[in-house]
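Tertiary structure, described
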There are 4 protein chains.
Amino acid sequence: MKFKVNSALQYSVIKPSTFIFNVHALRTANQTVLEETLVIDPYIRIEEFTAVNSPNRFVRMEVAEPMNFIISYKATVDTHCNIIENREGADTISLGKLDGEVIPYLFPSRYCQSDKLQRLAYSKFGNIQNTFHKVHAISDWIFKNVEYISGSTNSHTSALDTISERSGVCRDFAHLGIALCRALSIPARYFTGYAFKLFPADFHACFEAYIGERWIVFDATQLVPLNGMVKIASGRDAADAAVASIFGNVISTSIAVSCDIAEQTFEPIWYDNSNARFVAY
Amino acid sequence: MKFKVNSALQYSVIKPSTFIFNVHALRTANQTVLEETLVIDPYIRIEEFTAVNSPNRFVRMEVAEPMNFIISYKATVDTHCNIIENREGADTISLGKLDGEVIPYLFPSRYCQSDKLQRLAYSKFGNIQNTFHKVHAISDWIFKNVEYISGSTNSHTSALDTISERSGVCRDFAHLGIALCRALSIPARYFTGYAFKLFPADFHACFEAYIGERWIVFDATQLVPLNGMVKIASGRDAADAAVASIFGNVISTSIAVSCDIAEQTFEPIWYDNSNARFVAY
Amino acid sequence: MKFKVNSALQYSVIKPSTFIFNVHALRTANQTVLEETLVIDPYIRIEEFTAVNSPNRFVRMEVAEPMNFIISYKATVDTHCNIIENREGADTISLGKLDGEVIPYLFPSRYCQSDKLQRLAYSKFGNIQNTFHKVHAISDWIFKNVEYISGSTNSHTSALDTISERSGVCRDFAHLGIALCRALSIPARYFTGYAFKLFPADFHACFEAYIGERWIVFDATQLVPLNGMVKIASGRDAADAAVASIFGNVISTSIAVSCDIAEQTFEPIWYDNSNARFVAY
Amino acid sequence: MKFKVNSALQYSVIKPSTFIFNVHALRTANQTVLEETLVIDPYIRIEEFTAVNSPNRFVRMEVAEPMNFIISYKATVDTHCNIIENREGADTISLGKLDGEVIPYLFPSRYCQSDKLQRLAYSKFGNIQNTFHKVHAISDWIFKNVEYISGSTNSHTSALDTISERSGVCRDFAHLGIALCRALSIPARYFTGYAFKLFPADFHACFEAYIGERWIVFDATQLVPLNGMVKIASGRDAADAAVASIFGNVISTSIAVSCDIAEQTFEPIWYDNSNARFVAY
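Below, the discussion takes up the nonpolar core. Ranked by internal contacts, the top residues of the largest apolar core, which has 101 residues, are F69, L180 and Y194 of chain D. Sequence-distant contacts of F69 of chain D, that is, excluding residues within four places in its chain, are made with L9, Q10, Y11, V13, F19, F21, I40, D41, P42, I44, M61 and V63 of chain D.

A pair can form between side chains of opposite charge whenever their charged atoms are brought close. Taken as a whole and judged by the stated rule, the model has 44 salt bridges over all chains. One salt bridge in this structure joins E165 of chain D and K116 of chain B, with 3.4 Å as the shortest N-O distance. Highlighted residues: E165 of chain D in helix α3 (residues 159-165) and K116 of chain B in the loop between β6 (82-84) and α1 (118-125), drawn from two different chains. Using a relative accessible area of 16% as the deciding quantity, one classes K116 of chain B as buried. Between R277 of chain C and E267 of chain C there is a salt bridge whose closest N-O contact spans 3.6 Å. In this pair, R277 of chain C sits in the loop between β13 (244-261) and β14 (278-280) while E267 of chain C sits in the loop between β13 and β14, placing the two residues ten residues apart along the sequence. Exposure remark for E267 of chain C: the relative accessible area of 56% places this residue in the exposed category.

Right, let's get into the interface of chain A and chain B. At the junction of the two partners, chain A supplies 34 residues and chain B supplies 34 residues. Regarding the contact of chain A and chain B, the summed buried area is about 2,900 Å², with carbon and sulfur atoms giving 58% of it. The interface formed by chain A and chain B holds ten residue pairs in polar contact (both at pLDDT 80 or more) in total. Secondary structure elements with two or more residues in the side of chain A that touches chain B: β1 (2-21), β3 (46-50), β4 (57-63) and β13 (244-261) of chain A. Counted by class, the side of chain A that touches chain B contains twelve nonpolar, twelve polar and ten charged residues.

Our next topic: the domain arrangement of chain A. Residues and elements named next belong to chain A. As assigned here, chain A comprises domain 1 (2-80 + 248-259) and domain 2 (82-241 + 266-280). Taking the mean C-alpha position of each, domain 1 and domain 2 sit 25 Å from one another. Facing 23 residues of domain 1, the contacting portion of domain 2 comprises 21 residues. The largest share of the area that domain 1 buries against domain 2 comes from F3, V257 and C259, three residues that together contribute 33% of it. Inspection of the region where domain 1 meets domain 2 yields zero salt bridges. Remark: the boundary between domain 1 and domain 2 carries six residue pairs in polar contact (both at pLDDT 80 or more). Listed by contribution, the elements that provide at least two residues to the side of domain 1 that touches domain 2 are β1, β5 (67-79) and β13.

Turning next to the environment of R236 of chain B. On the secondary structure map, R236 of chain B appears in the loop between β12 (229-235) and β13 (244-261). Given the relative accessible area of 8%, R236 of chain B is considered buried. In contact with R236 of chain B, not counting residues within four places along its chain, are R236 and D240 of chain A together with P104, Y105, P108, S109, C112, I178, R182 and Y190 of chain B.

This part is about the packing of helix α2 (residues 131-145) of chain D against helix α4 (residues 170-183) of chain D. Residues and elements named next belong to chain D. Direction vectors running N to C along α2 and α4 enclose 140°, while the axes themselves pass 10 Å from each other. Relative to α4, the element α2 lies oblique. Judged by the twist between their axes, the crossing of α2 over α4 is right-handed. Contacts between α2 and α4 involve V135, I138, W141, I142 and F143 from the former and F173, L176, G177, L180 and C181 from the latter. Across the contact of α2 with α4, the residue classes break down as nine nonpolar, one polar and no charged.

Attention shifts here to α4 of chain D. Residues and elements named next belong to chain D. Between the first and last C-alpha of α4 there are 20 Å, a value that for 14 residues agrees with the 20 Å anticipated at 1.5 Å per step. Extensive coverage of α4 is indicated by the burial of 14 of its 14 residues. Immediately beyond the C-terminal end of α4, within one or two residues, lies S185, with a positive phi of roughly 65°.

Let's shift gears to the relation of the copies chain D and chain C. Aligned on chain C, chain D shows an RMSD of 0.0 Å; the corresponding rotation is 180° and the shift along the axis is 0.0 Å. Here the transformation between the copies is reduced to the relation of a two-fold axis. Identified as the residue of chain D closest to the rotation axis by C-alpha distance is R110 of chain D, at 1.8 Å. A shared binding surface is used by both copies, with 97% of the interface residues of chain D retained as interface residues in chain C.

This paragraph deals with the relation of the copies chain A and chain B. The operation relating chain A to chain B is a screw motion whose rotation component is 180°, with 0.0 Å of axial translation and a residual RMSD of 0.0 Å. Comparing interface residues between copies, 100% of those in chain A also sit at the interface in chain B, which points to an isologous, same-surface contact.

The tally for this structure, following the rule as stated, stands at 80 aromatic pairs over all chains. Seen in terms of ring centroids, Y210 of chain A and W215 of chain A are 4.9 Å apart; in terms of plane orientation they differ by 55°. Their pairing is tilted. Neither Y210 of chain A nor W215 of chain A differs from the other in exposure class; each is buried. Between Y11 of chain B and F69 of chain B the ring centres are 5.7 Å apart and the planes differ by 35°, which places this aromatic pair in the tilted class. One end of the pair, Y11 of chain B, is in strand β1 (residues 2-21); the other, F69 of chain B, is in strand β5 (residues 67-79), and 58 residues separate them in sequence. Of the two residues examined, Y11 of chain B and F69 of chain B, each falls in the buried class. Grouped by ring-pair contacts, the aromatic residues Y11, F19, F21 and F69 of chain A constitute a single cluster. Seen from the ring of F49 of chain B, R60 of chain B lies directly overhead, with NZ or CZ sitting 4.5 Å from the centre.

As a further point, take the interface of chain D and chain C. Facing the 34 residues of chain D at the interface are 33 residues of chain C. When the two sides are added together, the surface that chain D and chain C hide from each other amounts to roughly 3,000 Å², 58% of it contributed by carbon and sulfur. For the salt bridge of D115 of chain D with R110 of chain C, the shortest nitrogen-to-oxygen distance reads 2.9 Å. One can count ten residue pairs in polar contact (both at pLDDT 80 or more) joining chain D with chain C.

Residue and element names in this part refer to chain D. Along strand β9 (residues 188-195), eight of the eight residues are buried, which leaves the element largely enclosed by surrounding structure. By the bridge criterion, six bridges tie β9 to strand β10 (residues 204-211) in an arrangement that is antiparallel. Along β10, the bridge assignment pairs R189 with E208. Of the strand pairs in this sheet, β9 and strand β12 (residues 229-235) are connected by six bridges, and their pairing is antiparallel. Residue F191 lies in a different strand from β12, and its bridge partner there is S234.

Below, the discussion takes up the pairing of strand β10 (residues 204-211) of chain A. Residue and element names in this part refer to chain A. Among the eight residues of β10, eight are classified as buried, and the element is accordingly described as predominantly covered. Every second residue of β10 is oriented toward a common face, with H204, C206, E208 and Y210 on one face and A205, F207, A209 and I211 on the other, all of them buried. As paired strands, β10 and strand β11 (residues 214-218) are joined by five bridges and run antiparallel to one another. Bridge pairing links Y210 to W215 in β11. In textbook terms, the turn of a hairpin is the stretch between consecutive antiparallel strands, and for β10 and β11 this stretch comprises two residues, one of which, G212, has a positive phi near 60°.

Another aspect to go through is the environment of P187 of chain D. With respect to the element layout, P187 of chain D can be found in the loop between α4 and β9. Residues contacting P187 of chain D, with those up to four places away along its chain left out, are L98, V102, Y105, L106, E208, A209, Y210 and W215 of chain D.

Right, let's talk about α1 of chain B for a bit. Given 3.6 residues to a turn, an α-helix orients residues that are three or four positions apart in the same direction. Burial in α1 of chain B covers these residues: L120, A121 and F125 of chain B. Down the axis of α1 of chain B, the sector holding all buried residues measures 95°, keeping them to one side.

Calculation notes
Residues numbered from 1 in each chain as written. Chains lettered and ligands numbered in written order. Predicted model: local features only at pLDDT ≥ 70, side-chain atom pairs only at ≥ 80, totals over all residues. Heavy atoms only, no water. Core = buried A, V, L, I, M, F, W, Y, C linked by side-chain atoms within 4.5 Å. Buried < 20%, exposed > 50% of the residue type's maximum accessible area, 1.4 Å probe, protein only. Contact = heavy atoms within 4.5 Å. Salt bridge = Lys/Arg side-chain N within 4 Å of Asp/Glu carboxyl O. Helix = DSSP H or I, 4+ residues; strand = E, 2+ residues; numbered from the N terminus. Buried area = accessible area lost by both parts, 1.4 Å probe. Polar contact = N/O pair within 3.5 Å; in protein donor to acceptor, adjacent residues only side chain to side chain. Nonpolar A, V, L, I, M, F, W, Y, C, P; charged D, E, K, R; others polar. Domains from an automatic or database assignment. Axes fitted to C-alpha atoms, helices over the stretch in contact; angles between N-to-C directions. Parallel < 35°, antiparallel > 145°, perpendicular 65-115°, else oblique. Left-handed = near helix turned anticlockwise from the far one by under 90°. Expected span 1.5 Å × (residues − 1). Least-squares fit on C-alpha atoms with pLDDT ≥ 70 in both. Phe/Tyr/Trp six-rings, centres within 6.5 Å; stacked < 30°, edge-to-face > 60°. Lys NZ or Arg CZ within 6 Å of the ring centre and 35° of its normal. Pairing = 2+ DSSP bridges. Arc of directions from axis to C-beta.

Here it is, written out as structure tokens:
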């Protein structure tokens, strides 16, 4: 699928500050960036770099003086996500056989306190044998038990808040999904991207669980088709994969995001419990 | 310095479980493992692996049936940690110039919620210009304001608990140091090791701050000489560098740790505000 | 029912301290204290007082110097708790008609953060019309979803911890029950007492919900018969009705509690979903 | 002093709801309500009641159907608060001599987790002997260490959040003051009122500490003169003395508050460390 994605972030810098942005579409075997432009207005020198051991594409920028600026990213991206038709075939991987690079995604992180949710996770999902079914059940449970309420949470909100308060936005749904997976010893990570049909338009977040040697996408918000995303980054949680990490004193003044189809046909893959098809980016 | 280190961990496995141990002395340019043995009694097959992009040495073990076992590690290790005599020379590194692999240590993590401590950190330490002095002040502040009380905290305790409850053990002192550094945009990470003269004998934890392109060791507990440790691992916090991560149902029944000098002379480097010498492993 | 109750608390006072004890059996229309003795060994002067607007019986004691002492309470108590056979008859009371003295039990308190559990409470229990059935469902849900594990929590643990960690002791079961009731606008309060057959022997805690102008007892632990308690106190939560509130520096060195039947026949009322009988003290 | 106070709260009721309002000026020996009116537009039947063992004046209202309404209170109030010129004379009261009705204000409450702040409170203020000086030091410390930021907190925010995040509004300043007092065994309670010169205009909150058998007012925000308030209520914390407790589904659509002087002369009492005068309502 070809998508046209677009984001524009506007800031007012109060004191000298450093920004780390993560808005570029990933370049992977399944995702080709056909064209892209990044414009900072007024011009500020930036440096691109990738994170260690991940394809995440970061841009770093130092702003030495108070000023306002806009950073705009536009890209046309071709995605070919893998569709997993038959989840029965996705075997559970023994923890003892996991790759070293997958293991960090088993541990609790800032917003995913899996260490505190083990008893709850085992009691709700522990008796489901198949890992695929287990994560699917987690995603469904969050969808049914957490209310999507714009503005109900903030950047400090964690899975532990969401399990008691039962409200949040995509970021919170993802964090809770990750925490419940890890509580059950299933590696899970945070996924950010541009998302087709997301309303209100914004960056999207969901989560990936490591099943059968693949990172399968789950979106407990059920707001967008599973194959309707352009991946930006993955990480342990929003601490690793924030759209913007800001060190200094800055006010975010506006944000605009869009994600449209750039070709005529698009067969969306929606959640369907009877005939589950899943997707890996 | 040559050290003889020793650890023996005993477990009672209730249900099939997977263990990830991290008790081996690191092998680095500054730390040579002269000899080492790992014995599991009764014998259980293990697999050694290293974490991604770190020298941490892990051992993975699957225990399929209820049983008791002991894992014992013994090593003779030669350490040559770098001594930093003049902290004035350690310039602050601009965030914009940090290596990509250092950047994750700026972000909040499970036990180090730096995102919630920014105002407190700036008000207490923000006016100290030199990064070295700043982290030293953080370490001193923790030493003076947090009471070391064995058994006062548990594996869920985080920097946010410690900043209000003001008590803890080495793990908690380290987590608070890391959180305050990151709140001030100073990369910081968790350090575990064997420690000479530690009483009561146990694994030790402290923290490293990234200053002048080196990871300098700070130990807010002031319990051991700065050059008296044999490094096991570093990580974002105790979630990454736990001595034992256990997935399953297991009871820890005993733990014994020792760290002795294996040669005749040892000039310990203690904290000394007037003539500060610091150490990098 | 006649019960013989007994408690002995032993303390080592480190620095001058004030104690407020709450171990006396209540004197109410339904509970007659036939005989009782309170002995402090060695003798320390005490002052008895009652709390404002409640029959709770407190003893205050100032210990001016380091010393060890034991406070022992023994009583024979005759209880005649009301048995509510038919819960259908217990009508819901409109909030608008509640007595002023009941209203404080609608508000969140230290260990019962009902303000954070409203969405969860409504989603689980909101569709149950009859208040009696609603509170019964809450109590059953806690019994099924929270594991009773001695020593798993401490005096800081609150309902918010229990809703995510899903383990605790009688105090935690009671706090969660209270918080869920209040989240649904049902007045609820903490109940402490001596409990027949409690094993291991200790003070017991459960909760009361205000239904049909009566405070009905619910015990989510299901550890003791509903009519097998001798009431000590009620309060908003354990902050109000602690067995011992200590201001100073004191170590609790031992505690012994017992509650036995002082007559030959006792027909215990246990939980029974098919033919529910409830109890009000 | 004569004040004219005014408040107008506007709500949009979504589902049948019960309101408990607490906006009336208290009637006490020191505060005379010369005239007052309460208007609900459109008319809804209300019931006035007072809380148990407190002069707080509540209004209860049931709204059976979705609707919008405004509740407006206007009053002219004459206050004669006691001025305490010489704080040396205010002796500490032994805990052992406190009235039974004061004792609940020693215990932790929903937003004032004094049980978790004891070590911090003792280390910062424990060496100050005079209770007056101690509470004054607490109030000053909060003023200096917590930043007043409108909108930085919400109705769930507690003293434990404020001690780490170091920002808040009057409610948060008051809760932290109360928690620190109680951690030091000083009875303290929440105070709400109309406040002269408060900008931006709103209801105000501060706290009272029980010193020398009087409830002395402390306002860690230092936003209004100590004698410039018309008292509405006191309570353990905002859970007891909320301007509006709402049980149901309601949106608060607007709020307007004012407090003006109704006579020509007013000598405000401001904080003054050199010549401290304090006030009791």
